[in-house]
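Remarks on the overall topology
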Amino acid sequence: MSTPTQTLSSTNNSGSNYRFALISLTTLFFMWGFITCLNDILIPYLKGAFELNYTQAMLIQFCFFSAYFIVSVPAGFLVGKIGYQKGIVVGLSIACVGCLMFYPAASTHIYALFLLALFVLASGITILQVSANPYVSALGDPDTAPSRLTMTQAFNSFGTTVAPFFGSMLIFAGGEHTPASDSSAVQLPYLILAAALLGLAVIFAVLKLPALHNHDAADASEGVITGKAWHYRHLVLGAIGIFVYVGAEVAIGSTLVNYLAEPSVMGMTEATAAKFIAYYWGGAMVGRFIGAVIMQKIHGGKVLAFNAIMAVVLIAVSVLSDGAVAMWAILAVGLCNSVMFPTIFSLALRGLGKHTAQGSGILCLAIVGGAIIPLFQGMLADNFGLTLSFILLTVCYLYIAHFGVRGCKPAQIEG
């Protein structure tokens, strides 16, 4: 997923260079959306390959999204030193190494190596996010920066939509549970990804991209720890909103294959169920465009609250029903998710003024919810069953509804 950041100044006014650079950057948004969504296929595959329980399987998302929390601040300092374009090359190279690590992990059949590979891969993507988002904001008129970010986010969503088909075709080629003695089916997909990432790294190393001032990256990273943005109540509440939103969105995607394979839902094979993940993420892509139009007429907080309540209703319908109703209800939550991330982000940053960059960094750290919430859902699934574990996610969406109605109102913390 992509994260909006502050607009930076540029040292090059060439519109043609800007357009070429923007087209090049859209490939990065596609790639990290694709890679992130591929985890939803990886979880049920490795769960079967290593005979894991849900808690153990959710360590995949824990290792992946914890990188956002651990690496974001160092990445900001790194990009502040070497610049945005070199930061992109470094991020792509590290992500490539992470993908290559899947080969020895599968050969040795050691789950811990898979988790390490995922952390390295996510670390590279984190550096990409820190580098690419402000680059997109700076490539052109500051007034149209939100439009450019929305466009690139659409490519990110496109990546999450097509990844399930790629993953189900290569990882679940046999259509059955993977034998516990074999985890080699992940080798080819991640070798392909490694080659693509390496190719992009080479391309971005030789591209003539506009030079941008990059000193703000390190300053913003330092402000995440010590900045006065923490004194804004609505920012803190917004960070919690990002935490629970990303956690809920990732948790649903992570359990969809196993949920649709439940006899009480659809009883699908993993290969078939994996393809339906595309409807979940595709709904988020379509809903983003619909939401952009609606929010020109209706306040973002109201739209956010409505979508969150609808997500609660859909989860309740899914949990209390079975068959096709249960399946389509949970898939439709993706449509509700569509506007949540950018809306929470923008509402949380309102009125921060010179502290906006610090606030943006704090919100980016809150993406660690994608590591924590799925792990807790896995614990609930092991103890009370997968279906009942979705109750945790209704609590997340109820908080988001509260933020949309009351928590998003700009206010400073006294003292």
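Refer to the structure above for everything that follows.
The sections below set out a description of the structure shown in this document. In this numbering scheme, every chain counts its residues from 1 along its sequence in written order. Local features in this predicted model are restricted to residues whose pLDDT is 70 or higher, and side-chain atom pairs enter the listing and the counts only when it is 80 or higher, whereas totals over whole chains, interfaces and linings include all residues. To obtain the side-chain values, all non-hydrogen atoms of the structure were included, while hydrogens and water were left out.

Together, Val-286, Ile-290, Ile-294, Ile-298 and Leu-335 give the surface a local cluster of nonpolar side chains, amounting to about 390 Å² of exposed area. Note on placement: Ile-298 falls in the loop between helix H11 (270-294) and helix H12 (300-320). For patch detection, residues must exceed 30% relative accessible area and be free of salt bridges, and they are connected within 9 Å for like charges or within 5 Å for nonpolar side chains (Val, Leu, Ile, Met, Phe, Trp, Tyr). Throughout, the Shrake-Rupley method with a 1.4 Å probe supplies accessible areas, and for residues the shown protein chains are the sole cover considered. The working definition used for a salt bridge is a side-chain nitrogen of Lys or Arg within 4 Å of a carboxyl oxygen of Asp or Glu. Strands here are runs of E lasting at least two residues and helices are runs of H or I lasting at least four, both read from the DSSP assignment and numbered beginning at the N terminus.

For Asn-307, the position within the fold is in helix H12. Partly exposed residues are those whose accessible area sits between 20% and 50% of the maximum for their type, while under 20% is buried and over 50% is exposed, using a 1.4 Å probe and protein chains only. Take Asn-307: its relative accessible area is 12%, and that puts it in the buried class. Every residue in contact with Asn-307, bar those within four places of it in the chain, is listed here: Leu-335, Cys-336, Ser-338, Val-339 and Met-340. Contact definition: two residues touch when any of their heavy atoms are within 4.5 Å.

If you trace the backbone, Gly-83 turns up in the loop between helix H3 (59-82) and helix H4 (84-100). Distance from Gly-83 to Ser-131, taken between C-alpha atoms, is 8.0 Å for residues 48 residues apart in sequence.

Next up on the list: unusual backbone geometry. Although it is not a glycine, Glu-51 sits at a positive phi angle of roughly 55°. Along the chain, Glu-51 turns up in the loop between helix H1 (15-49) and helix H2 (54-57).

Across the interface, H12 lies against helix H18 (residues 391-407) with an axial gap of 7 Å and an inter-helix angle of 160°. Accordingly, the angle class assigned to the pair H12 and H18 is roughly antiparallel. H18 is crossed by H12, and the crossing has left-handed handedness. Contact residues: Gly-301, Lys-302, Leu-304, Ala-305, Ala-308, Ile-309, Ala-311, Val-312 and Ile-315 in H12; Leu-393, Thr-394, Tyr-397, Leu-398, Ile-400, Ala-401, Phe-403, Gly-404 and Val-405 in H18. Three residue categories are used. Nonpolar comprises Ala, Val, Leu, Ile, Met, Phe, Trp, Tyr, Cys and Pro, charged comprises Asp, Glu, Lys and Arg, and polar comprises the others, including Gly. Considering only residue class, the contact of H12 with H18 consists of 14 nonpolar, 3 polar and 1 charged. Interaxial angles span 0 to 180 degrees and are taken between N-to-C directions of axes, which are lines fitted to C-alpha atoms, for helices over the stretch in contact. By the definition adopted for this analysis, an angle is roughly parallel if under 35 degrees, roughly antiparallel if over 145, roughly perpendicular if from 65 to 115, and oblique otherwise. When the near helix sits turned anticlockwise from the far one by under a right angle, the crossing is termed left-handed; a clockwise turn instead gives a right-handed crossing.

Bear in mind that shape data such as this cannot, by itself, settle questions of function.
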